[in-house]
Amino acid sequence: MDAQSQSNQPKPARQLKQPTIGSLFAGIGGFDLGFEQAGFTIKWQVEVNDTCRTVLADHFPHAQQFTDVQTCLPDLSPVDVIVGGFPCQDVSIAGKRRGLAGKRTGLFFDALHIVDSLKPRWVVLENVTGLLNSNAGKDFQTVIQSLAQCGYLGAWRVLNAVYFGVPTKRRRVFILAGLGELPPAEFMADTAPIGLLAQTRDQERQEPHTTLLVGIGASGIDRAGSDLIVVRNGRSAMVERARAATNDGLCLGLDETNAAQARAAGNAVCPPVARWIAEKLIQTF
């Protein structure tokens, strides 16, 4: 075969690598779902809540599950990306704002130890916007400096789930950092004006609003609203549920089981937002 004939032969398709993910503070897997939808594979997940780990095992049977970020490091295998929405209670404006010195948000340093030990190519972190001004901004500065000391360069921005087709306002700060490399420029850019971004039909008619429950008890709505979830066209189901509660003599509102489910959903990273970030990252592999 001459050189001309060889040049006309179709080239074999490039085999794209399916990069792997390790998920810290996995919850029910919102981060993980978004990344898998973009083409990543979840290799392991760390989550302290037993109920949430049951959900993870059901939806991600191919991933290993671990319990404690403070003790799991010897069992974790290397991955391409580590993601995690580390606890927000100590930086939330609804809390006492102990910041990174708090017992829960301070678990960031345990997560950082895992990152520094495994050295993934990319790290994606999520938290409430209260992280930005916690301790007069010093806590956020500590987060950025700590990542830099481990060799990670990055960028951060606040993303609102309402502009990703999710029927609720949910502003969260996302930090994307690479080991010795800057994240894709697309992470800091939008493909359309806000007015053209996907929204539901309900969002076009009205702003999201707070729901009041009758018979508020231990399972009532917390101040942060993390218990609230919105289901499209679910108003009739809510009415039927209230009627059943009245007829059967049950307490109106969320029972403890449903409250746990709603709280887990409220704490989860919104998968459409995670997928948007993942679609930018997967182009680097």
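Everything quoted here is computed from the prediction, not taken from an experiment. (Residues numbered from 1 in each chain as written. Predicted model: local features only at pLDDT ≥ 70, side-chain atom pairs only at ≥ 80, totals over all residues. Heavy atoms only, no water.)

Asks: Describe the nonpolar core, with residues and values.
Replies: Ranked by size, the top nonpolar core spans 33 residues in total, and within it Leu24, Trp44, Val46, Leu76, Ile82 and Ile114 carry the most contacts. Put simply, the parts of the chain that give this core at least two residues each are β2 (41-46), α4 (108-118), β5 (122-128), α6 (138-149) and β7 (171-179). By residue number, the principal contributor to this core is α4, which donates six residues. Core analysis: the next-biggest nonpolar cluster, separate from the first, contains 31 residues, Phe31, Phe35, Val83 and Phe174 among them. (Core = buried A, V, L, I, M, F, W, Y, C linked by side-chain atoms within 4.5 Å. Buried < 20%, exposed > 50% of the residue type's maximum accessible area, 1.4 Å probe, protein only. Helix = DSSP H or I, 4+ residues; strand = E, 2+ residues; numbered from the N terminus.)

Asks: Residues and numbers for helix α3 (residues 50-59), please.
Replies: Along α3, the residues that are buried comprise Cys52, Arg53 and Leu56. What you see down the axis of α3 is that its buried residues fit within an arc of 100°, all on one side. Relative to its buried face, α3 has exposed residues pointing more than 90 degrees away, namely Asp50, Thr51, Thr54 and Asp58. Measuring from the side-chain oxygen of the N-cap residue of α3 to the backbone nitrogen of Thr51 gives 2.9 Å; that N-cap residue is Asn49. (Arc of directions from axis to C-beta. Polar contact = N/O pair within 3.5 Å; in protein donor to acceptor, adjacent residues only side chain to side chain.)

Asks: Quick rundown of the sheet that holds β7? Include the residues and the values.
Replies: One open sheet holds the seven strands; their spatial order is β3-β2-β1-β4-β5-β7-β6, and the pairing between them is mixed. In this open sheet, the two strands that pair with only one neighbour each are β3 (64-66) and β6 (152-160). In this sheet, adjacent strand axes meet at a mean angle of 20° when their direction is disregarded. The sheet contacts of α4 involve β1 (20-24), β2, β4 (81-84), β5 and β6, and relative to β4 the element is tilted by about 175°. (Pairing = 2+ DSSP bridges. Axes fitted to C-alpha atoms, helices over the stretch in contact; angles between N-to-C directions. Contact = heavy atoms within 4.5 Å.)

Asks: Now, about helix α10 (residues 271-281): what can you tell me, with residues and values included?
Replies: Because the α-helix completes a turn every 3.6 residues, residues three or four places apart line up on one side. The complete set of buried residues in α10 reads Val273, Ala274, Trp276, Ile277, Ala278, Lys280 and Leu281. Contact partners of the buried residues in α10: α2 (30-37), β4, β5, β6 and β7.

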